[in-house]
Amino acid sequence: MILSGDNAAHVQQAAQALCSGELVGLPTETVYGLAADACNVAAVAKIFQAKGRPVNHPLIVHVADAPTAMHFAAQVPDFACSLMAAFWPGPLTLILPRKPEQAAAAAGGQASVGLRCPSHSVAQQVLKACAEKGVWGLAAPSANVFGRVSPTSAAHVQSEFSNVLLILDGGECQVGIESTLIDCTRGQPVMLRPGHISRMQIEQACGMKVRDPQDLDSQAPRASGTLESHYAPKAKVRLMTENAWRKALLALGPHTQNLALWSAEKPDESLLGAGLLWRAMPTQADQAAHDLFAVLRDFDAHAASIIWVEMPPHTPEWEGVRDRLQRAAA
Ligand code: TXA
Ligand code: MG
C-alpha cells in the first residue's frame, strides 16, 4: 500500500509500523530504502529475506541527527566529525566503529556500522517519530531485490516488493544514486562508493586525502554496492563511446528492435522510427544521476534486450554515474 508522505497521519502510521517490527518503503534524497528497526533482530532479518541479500552484507543505519549517531558509534574520529558537520543531513554514509551491543544483525556482524542522516523531509519526520518511541535507528538498504536497479520512486518500490505492507511516497528521489560511502575506521577517509558528494568535497571538508580501498592492503569490508556486478537491469548493458554506437547502428541498419540507447547525442531520426528506443542523457552529471535508474527501469519496461549507454565524460563530477554504469554493464 502506498501512503502519502505529505500526510502527517501516514507518517505516524509508518513510524508505528517500524516500531512494531514491520518493514516500510522509505523515501530518501538518494534512493528509496527498505527500512526496519535497526535493533530489532527479527525485523532486520525480514530485510535480508525480502531482498535476497546475503546476511553478511551489512546494512546502513539511518539516524535523525549526529547526536543520535552516537547511540551506535563507539567513537568518531575528528575527520568524521568534520564530515558530519559539513554534509549531514545529506547523502553521505560514514562507516564507524560500532558499539558492540548495538545493531549487530544490521551490521552483518562487522565491528563497524554504516551511519547515514538523510535530508529528505519525509525520512527526517519518520526518524524523529521513531526516536520519540525509543527506536534510534532504521536499517535501510536500497529497496530493490539484491543486485538489481535501485528504486527512485514509490512505484519502483512497489514493483520490487509487492508484499511490503507500507510504502511512503516522497516523490522522485532528487539525487538518484546511493549515498557516498566513506570508511572512517582506518585513520583516514577511504572511498567505498562514490556518490553525489564528491571526493573533492570530502577532501575539502576534512582536509585529508581520500584513499581508495585498493590503495590499502588490508581486507576491505564487504559492500554490496561495491561488487563488480550490481545495479543490473534485465537487459544487457554495454558502455560505448559516441563513435562506437554510431558505427554499430550503421552496421545494424534497420535491425534495431529491442535495442535501447541512452546517449547525450541524438541518433538519426530514421532509426528512431525503425524501433530503436532512445532517451537523452543529460549533459549535467547531477541530472544524469537523477535519471539513471529510472531510465534503466524504463528500458526494461519496454522489453529492451540490449541497452547501449554512451560513456560519460571522465571528469570528477561524473564519478558516481560512471561507477553505477560500469557495475550495470559488468
Ligand atoms: O543512499 C543510500 O545509501 C541508500 C539509502 C536508502 O539510504 N542505501 C543504500 O543501502 O544504498 P545499501 O544497503 O543498498 O548499500 C549500503 C552499502 C552496501 O554496499 C554495504 O555493504 C555498505 O554500505 N555498508 C554498510 N555497512 C557497512 C559496514 N559496516 N562496513 C562496510 N560497508 C558497509
Ligand atoms: Mg543497494
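Keep in mind the model is a prediction, meaning the values are calculated, not measured. (Residues numbered from 1 in each chain as written. Chains lettered and ligands numbered in written order. Predicted model: local features only at pLDDT ≥ 70, side-chain atom pairs only at ≥ 80, totals over all residues. Heavy atoms only, no water.)

A.B. asks: Can you break down the overall build of the protein residue by residue, with the values?
C.D. replies: What the protein contains, in helices and strands, is eleven helices and 14 strands. The C-alpha radius of gyration of the protein comes to 20 Å, within 12% of the 20 Å expected for a compact globule of 330 residues. When its C-alpha atoms are laid out on the principal axes, the protein stretches across 60 × 45 × 30 Å. Among the 330 residues that make up the protein, the fraction classed as buried is 55%. Sequence separation of 24 or more characterises 66% of the internal contacts of the protein that already satisfy a separation of 6 or more. A distance of 5 Å separates the average location of the 26 positive side-chain charges in the protein from that of its 30 negative side-chain charges. (Helix = DSSP H or I, 4+ residues; strand = E, 2+ residues; numbered from the N terminus. Rg over C-alpha atoms; globule rule 2.2 N^0.38 Å. Buried < 20%, exposed > 50% of the residue type's maximum accessible area, 1.4 Å probe, protein only. Contact = heavy atoms within 4.5 Å. Lys, Arg positive; Asp, Glu negative; His and termini not counted. Charge placed at Lys NZ, Arg CZ, Asp CG, Glu CD.)

A.B. asks: Now, about the packing of helix 10 (residues 285–301) against helix 11 (residues 319–329): what can you tell me, with residues and values included?
C.D. replies: In a pair of packed helices, the angle between the axes and the distance between the axes together describe the arrangement. Running from N to C, helix 10 and helix 11 point in directions that differ by 25°, and their axes come no closer than 10 Å. When the interaxial angle is binned, helix 10 and helix 11 end up roughly parallel. In terms of crossing hand, the pair formed by helix 10 and helix 11 is left-handed. Residues Ala285, Ala288, Ala289, Leu292, Phe293 and Leu296 of helix 10 form the contact with helix 11, whose own contacting residues are Val321, Arg324, Leu325 and Ala328. A per-class count over the contact of helix 10 with helix 11 returns nine nonpolar, no polar and one charged. (Axes fitted to C-alpha atoms, helices over the stretch in contact; angles between N-to-C directions. Parallel < 35°, antiparallel > 145°, perpendicular 65-115°, else oblique. Left-handed = near helix turned anticlockwise from the far one by under 90°. Nonpolar A, V, L, I, M, F, W, Y, C, P; charged D, E, K, R; others polar.)

A.B. asks: Quick rundown of the pattern of salt bridges? Include the residues and the values.
C.D. replies: For side chains of opposite charge, pairing can occur when their charged atoms come near one another. Considering all chains together, one arrives at 14 salt bridges under this definition. A salt bridge links arginine 211 to aspartate 215; the shortest N-O distance between them is 3.7 Å. According to the relative accessible area criterion, aspartate 215 is partly exposed, its value standing at 42%. Put simply, Glu178, Asp323, Arg324 and Arg327 are held in one network by salt bridges that share partners. (Salt bridge = Lys/Arg side-chain N within 4 Å of Asp/Glu carboxyl O.)

A.B. asks: I'd love a proper account of the sheet that holds strand 4 (residues 60–62), names of residues and values included.
C.D. replies: Strands sit in the order 1-8-2-3-7-4-6-5-9-10 across an open sheet of ten strands; the sheet is mixed. Because the sheet does not close on itself, it has two edges, and the strands there are strand 1 (2–4) and strand 10 (190–193). Sheet analysis places strand 4 next to strand 7 (residues 138–139), joined by two bridges and oriented antiparallel. Bridge pairing in strand 7 links histidine 62 to leucine 138. Sitting on the sheet, helix 2 (residues 41–51) is in contact with strand 3 (33–37) and strand 7, with an inclination near 155° to strand 3. (Pairing = 2+ DSSP bridges.)

A.B. asks: Any details on the sheet that holds strand 11 (residues 236–240)? Residues and values, ideally.
C.D. replies: Taken together, four strands build an open sheet; the order of strands is 11-14-12-13 and the sheet is parallel. Looking at strand neighbours, the two that pair on one side only are strand 11 and strand 13 (277–280), the edges of this open sheet. For this sheet, the mean angle separating the axes of adjacent strands, direction not counted, is 20°. Pairing between strand 12 (residues 259–263) and strand 14 (residues 306–310): four bridges, direction parallel.

A.B. asks: Which residues make up the packing of helix 1 (residues 8–19) against helix 5 (residues 121–132), and what values go with them?
C.D. replies: Contact geometry for helix 1 and helix 5: axes closest at 9 Å, N-to-C directions at 50°. With respect to their mutual orientation, helix 1 and helix 5 come out oblique. Seen from above, helix 1 lies across helix 5 with right-handed handedness. Facing Val11, Gln12, Ala15, Leu18 and Cys19 of helix 1, the residues of helix 5 in contact are Gln125, Val126, Ala129 and Cys130. Each residue belonging to the contact of helix 1 with helix 5 can be placed in one class, and the counts come to seven nonpolar, two polar and no charged.

A.B. asks: Describe the domain arrangement of the protein, listing the residues and the values that go with them.
C.D. replies: What the domain assignment lists for the protein is domain 1 (2–215) and domain 2 (236–329). With centres defined by C-alpha atoms, the gap from domain 1 to domain 2 works out at 30 Å. The partner domain 2 presents 14 residues to the 24 residues of domain 1 that form the contact. Here domain 1 packs against domain 2, burying approximately 1400 Å² in sum over the two surfaces, 52% of which is carbon and sulfur. Looking at the side of domain 1 facing domain 2, the largest losses of area belong to Val149, Ile177 and Pro194, adding up to 38% of the total buried there. At the boundary of domain 1 and domain 2, one finds three salt bridges. Mapped onto the side of domain 1 that touches domain 2, the elements with two or more residues apiece are helix 6 (154–160) and strand 10. (Domains from an automatic or database assignment. Buried area = accessible area lost by both parts, 1.4 Å probe.)

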